[in-house]
Amino acid sequence: MAPKLTLTPAGPGEAVISWTPAPPGFVLPESTGLAPAAWTNSPSGATNPTVVPANLSNQFCRLLKPRRGLLLAQPGFAGGSEW
């Protein structure tokens, strides 16, 4: 079952993002735009719940569980593989 994201107001200029259930291994990438998106992991990492700024004009978040063992293209290697 995929976790459900919840966004609630916190202090001035802040919001709390949480997810339930809270299985291990999820991170919270964020981006200020979607075309093209430049996702970076939130400074909170996998902390649940986490406080994020709510005073930006655009702020996008997604909950992601990175795939383990994925090899990206390397010199002399044609393609990817999972272990």
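The numbering scheme is per chain: residues are counted from 1 as the chain's sequence reads. Where local features are concerned, this predicted model is filtered to residues with pLDDT of at least 70; where side-chain atom pairs are given and counted, the filter is 80 or more; whole-chain, interface and lining totals use all residues. The side-chain quantities take in all heavy atoms of the structure and omit both hydrogens and water.

Draft legend 1. Focus on the side chain of Glu30. A run of H or I in DSSP counts as a helix once it spans at least four residues, and a run of E counts as a strand once it spans at least two, with each numbered from the N terminus. Mapped onto the fold, Glu30 is located in strand E3 (residues 29-31). Each residue is placed in one exposure class: buried if its accessible area under a 1.4 Å probe, protein chains only, is under 20% of its type's maximum, exposed if it is over 50%, and partly exposed if it falls in between. The charge count treats Lys and Arg as positive and Asp and Glu as negative. His and the chain ends do not count. Counted as salt bridges are all cases of a side-chain nitrogen of Lys or Arg within 4 Å of a carboxyl oxygen of Asp or Glu. Lacking a salt bridge, the buried Glu30 has Arg62 as its closest oppositely charged neighbour, with an N-O distance of 11 Å. Here a polar contact is taken to be a pair of N or O atoms separated by no more than 3.5 Å, where protein atoms must pair a possible hydrogen donor with a possible acceptor and residues adjacent in sequence count only if both atoms sit in side chains. Side-chain polar atoms of Glu30 contact the side chain of Ser42, separated by 3.4 Å. Discounting residues that sit within four places of it in the chain, Glu30 has contacts with Ala38, Trp39, Thr40, Ser42, Pro43, Gln59, Phe60 and Cys61. Whether two residues are in contact is decided by their heavy atoms, any of which lying within 4.5 Å being enough.

Draft legend 2. Molecular detail of the sheet that holds strand E1 (residues 4-9). When DSSP finds two or more bridges between a pair of strands, those strands are recorded as paired. The strand order across the open sheet built from three strands is E1-E2-E5, with neighbouring strands paired in antiparallel fashion. One side of each edge strand has no neighbouring strand; the edge strands of this open sheet are E1 and strand E5 (50-53). The mean angle between the axes of side-by-side strands here comes to 30°, regardless of whether they run parallel or antiparallel. The sheet contact formed by E1 and strand E2 (residues 14-20) spans six bridges and is antiparallel. Following the sheet pairing, Leu5 is matched in E2 by Trp19. A fitted line through C-alpha atoms serves as each axis, taken over the contacting stretch for helices, and the angle formed by two N-to-C directions is quoted from 0 to 180°.

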